[in-house]
Amino acid sequence: MSEAITAEQADWVAVGPEAELPEGHQCAVNVQGVSVLVVRYEGQFYALRNNCTHKDYPLLGGEVSQGRITCEKHGAKFELSTGKPRTLPAVKPVRLYQTRTDQGIVYVAPL
Ligand code: FES
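Values in this document were obtained by computation on a predicted structure and should not be read as measured data. (Residues numbered from 1 in each chain as written. Predicted model: local features only at pLDDT ≥ 70, side-chain atom pairs only at ≥ 80, totals over all residues.)

### Notes on the nonpolar core
- Of all hydrophobic cores here, the largest spans 24 residues; its most connected members are Val36, Leu37, Val38, Ala47, Leu48, Tyr97 and Val108.
- Counting residues per element, the ones that place at least two in this core are strand E3 (34-41), strand E4 (44-49), strand E8 (96-102) and strand E9 (105-110).
- In this structure, Val108 is in contact with Val13, Val15, Val29, Val31, Val36, Val38, Ala47, Tyr97 and Thr99, ignoring residues within four places of it in sequence. (Core = buried A, V, L, I, M, F, W, Y, C linked by C-beta atoms within 7 Å. Buried ≥ 20, exposed ≤ 12 C-beta atoms within 10 Å, placed from the backbone. Helix = DSSP H or I, 4+ residues; strand = E, 2+ residues; numbered from the N terminus. Contact = placed C-beta atoms within 7 Å.)

### Some thoughts on unusual backbone geometry
- Residue Pro89 is reached from Leu88 by a cis peptide bond, and omega for that bond is 10°.
- When you line up the elements, Pro89 lands in the loop between strand E7 (77-79) and E8.
- The backbone of Gln66 shows a phi angle near 50°, a positive value even though the residue is not glycine.
- You can see Gln66 is positioned in the loop between strand E5 (64-65) and strand E6 (68-70).

### Some details on the UniProt feature "domain: Rieske" (unreviewed entry) in the protein chain
- Within this numbering scheme, the UniProt entry marks residues 13-108 as carrying the feature "domain: Rieske" (unreviewed entry).
- Secondary structure content for residues 13-108 is 0% helix and 46% strand, and the end C-alpha separation is 5 Å. (UniProt positions renumbered as here; feature names shortened; annotations may be inferred.)

Below is the structure:
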């Protein structure tokens, strides 16, 4: 008999093998119908809703430096670790997701 999947386990979405997500890697995964940006920065994985809170532009592909990702549309910067905006024109935080690595696979789930 197979083990039952708990509600908590069911929330985790696989991003891919850690070995295939090198430093600086960015990708978007679908978590419960929401596009979520996953970024590897200084060895850590961060996950944020893939929508700028200014005009909803995707954050995927934005420049990452000093722990912040820049929205390519108008230049707002968001902290990867908190989702908080650090420059205008964005004033609201981006929703944060949690990440974990289990047996070499990176997963994302809602916080
Ligand atoms: S849409 Fe991102 S800064 Fe305007």
